[in-house]
Amino acid sequence: MTDKKGFTSCIVHHDRRQKFSNGPVHAPIYNSVLYNHDKTQDLIDIFQGTKAGYSYSRQATPTSDSLQNLVNEAEQGIGSLVFATGMAAISSVFLTLLKAGDHLIASQYLFGNTHSLLLTLQELGIEVSLVDTCDLESVMAAKQANTRMVFTETIANPGTQIADLSAIGDWCAELGLVYFVDNTMTSPYLFRPKAVKAALVMNSLSKFFCGHGSVLGGSITDTGQFNWQDYPNIFDAYRKGDSSKWALMQIKKKYLRDMGGSLSADAAYQIAVGAETMALRMDRSNASALALAQMLDAHPKVKKVYYPGLATHPQHDLATKLFKKYGSLLSFDLIDGADCAAFLDSIDMVLNATHLGDNRTLALPMASTIFFEMGPKNRASIGIGDTMIRCSVGIEETDDLLSEFSAALEQL
Ligand SMILES: *Cc1c(COP(=O)(O)O)cnc(C)c1O
């Protein structure tokens, strides 16, 4: 992607430039597990890495490679890989670049499944410290001699806390730590972690990239800013050739090949089609989220609104500085004692669903669903109140959303 062209201009002209035979505008769906080669020597060369090509689709297909190039352009990386889900992408980095005895510093506000994955890492002998990544001091205080990596999301969910992304990036660069950022909540349209010196960037492609709630996917991008020659956990087998590619090569071989969280060609195709309208969808959903946040914030039946676009949000200035817009996810607390389920049931357009970044507006009460198992005391300690509702704003017309939410609030 050239810097001169806009985000969407690059994406919609992406597939065509890859020169698939017969000139298709979309990358064809290569539904083949195996690849035949006219000469045995060709297959040998592919196996030995001296020739580009395909052998078995657990490692790559032309369709997934095309999506991988698209993601890479969007994040302006030096290389990307795509996976079956966002969780496969995150675990690929932890499982191939960390080993027993290493220490990971991670945000305390992580997506629940990622938090659960960190418990698994601890079982495997990797030490994990959970810290408030909104505060550089807490991140720095967690540093140990065996610290290898710092991991954070951009905007946390459901509380919308924003990590001190650039300060952490400077600190990681100074100390030579791998800075790994989950960019799912912002997407490369709102923010590129490369700009704050992230070494590796993850996106759940199931969210804004795909947008239509039809398939799962995930990606890892190497921004080219980390010197992998200094990283002790790269196996000798992958310390060959251009060192900027070592980490991705290790992730590809050790995770996609050995563990197999590979994206299907069908899903890669759907994500690539969805990505064409990502910026348009986000322009609309982000504008609606801001309007909805402002309306809720001024409403007497709402106790508190969590949205980075509000001037009262604790990291509003940071969000304004770093992000193009404020995202499409907002949370709010209804007044004490309000019945969240009855409130949501009275809004016709809102789907009761746990997902985000979809075309449709989705909402769910937090305490009784995602955070139910945690119990009231632990919920209170992380700011999840009994009347908190999380809402992922879709692409419906803003006025429709505002009038449905206002009507439901009146009924409360
Ligand atoms: C959804 C999500 C993931 C996991 O992605 P899947 O594609 O559902 O596996 C990871 N991080 C964040 C911030 C997410 O919202």
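Worth saying up front: this structure is predicted, and the values here are computed from it rather than measured. Along each chain, residues carry numbers from 1 onward, in the same order as the chain's sequence is written. For a predicted model such as this one, the threshold for reporting local features is a pLDDT of at least 70, and the threshold for listing and counting side-chain atom pairs is 80 or more; totals across whole chains, interfaces and linings nevertheless cover every residue. Derived side-chain values reflect all non-hydrogen atoms in the structure, with water molecules and hydrogen atoms excluded from consideration.

Undergrad: Please clarify how the domain arrangement of the chain should be interpreted in this entry.
TA: A common measure of how large an interface is: the accessible area buried when the components associate. Residue ranges assigned to the domains are those given by an automatic or database domain assignment. Under the domain assignment used here, the chain contains domain 1 (7–30 + 61–275) and domain 2 (280–411). The C-alpha-based centres of domain 1 and domain 2 are spaced at 27 Å. Opposite the 31 residues of domain 1 that make contact, domain 2 presents 33 residues. Computed with a 1.4 Å rolling probe, the buried area is the accessible surface lost when two parts are put together, summed over both parts. Across the interface of domain 1 and domain 2, roughly 2,500 Å² is buried in total on both sides, 65% from carbon and sulfur atoms. Criterion for a salt bridge: a side-chain nitrogen of Lys or Arg within 4 Å of a carboxyl oxygen of Asp or Glu. In this assembly, domain 1 and domain 2 are joined by zero salt bridges. N or O atoms closer than or at 3.5 Å make up a polar contact, with two conditions inside protein: a donor-capable atom paired with an acceptor-capable one, and, for residues adjacent in sequence, both atoms drawn from side chains. If you look at where domain 1 meets domain 2, you find 12 residue pairs in polar contact (both at pLDDT 80 or more). Within the residue set of the side of domain 1 that touches domain 2, elements represented by two or more residues are helix 7 (165–175), helix 8 (187–190) and helix 10 (265–275). Looking at which element gives the most residues to the side of domain 1 that touches domain 2, the answer is helix 8, with three residues. For this scheme, ten residues count as nonpolar: Ala, Val, Leu, Ile, Met, Phe, Trp, Tyr, Cys and Pro. Four count as charged, namely Asp, Glu, Lys and Arg, and the remainder, Gly too, count as polar. Grouping the constituent residues of the side of domain 1 that touches domain 2 by class yields 15 nonpolar, 14 polar and two charged. Any two residues having at least one pair of non-hydrogen atoms within 4.5 Å are treated as being in contact. For the purposes of this entry, the term helix denotes a DSSP run of H or I that reaches at least four residues, the term strand denotes a run of E that reaches at least two, and both are numbered from the N terminus.

Undergrad: Please explain the nonpolar core as it appears in this structure.
TA: Most often, soluble globular proteins have nonpolar side chains that are buried together. Within this scheme, the nonpolar core is defined by two criteria: the residues are buried Ala, Val, Leu, Ile, Met, Phe, Trp, Tyr or Cys, and they are joined through side-chain atoms within 4.5 Å. Think of it in three bands: residues with accessible area under 20% of the maximum for their type are buried, residues over 50% are exposed, and the middle band is partly exposed, with areas taken using a 1.4 Å probe on protein chains only. Within the largest apolar cluster, 77 residues are counted, with the highest numbers of intra-cluster contacts made by L330, F332, F343 and F405. Broken down by element, the residue count for this core peaks at eight residues, all from helix 11 (residues 278–297). Two domains share this core, each providing at least three of its residues, namely domain 1 (7–30 + 61–275) and domain 2 (280–411). Apart from the residues within four sequence positions on either side, L330 is in contact with A289, L292, A293, L296, Y306, Y307, I389, R390, C391 and V393.

Undergrad: Can you help me understand the pairing of strand 4 (residues 147–153) in this one?
TA: On any regular strand, side chains alternate: one points to one face of the sheet, the next to the other face. By the criterion of burial, strand 4 is predominantly enclosed, with six of the seven residues buried. At least two DSSP bridges between two strands are needed for those strands to be called paired. Of the strand pairs in this sheet, strand 2 (residues 103–107) and strand 4 are connected by four bridges, and their pairing is parallel. What sits directly across from A106, in strand 4, is F151. Sheet analysis places strand 4 next to strand 5 (residues 178–182), joined by five bridges and oriented parallel.

Undergrad: Help me out: how do you make sense of the site of the ligand in this one?
TA: Around the ligand, the surrounding shell holds 14 residues, and the nearest of these are G86, D182, S204, S206 and K207. In the model, an oxygen atom of the ligand is placed 2.9 Å from a nitrogen or oxygen of the M87 main chain. With respect to the ligand, the side chain of K207 contributes an N or O atom lying 2.7 Å from an oxygen atom. Per-residue and other accessible areas were derived by the Shrake-Rupley procedure at a 1.4 Å probe size, with only the shown protein chains allowed to occlude residues. Relative to its unbound accessible area of 380 Å², the ligand is 92% covered by the protein chains. The set of elements that each furnish at least two residues to the shell around the ligand consists of helix 4 (86–97) and strand 6 (200–204). Per element, the largest residue contribution to the shell around the ligand is three residues, and it comes from helix 4. Here the shell around the ligand is composed, by residue class, of five nonpolar, six polar and three charged. Nearness of a residue to a molecule or strand requires only that one of the residue's heavy atoms be within 4 Å of it.

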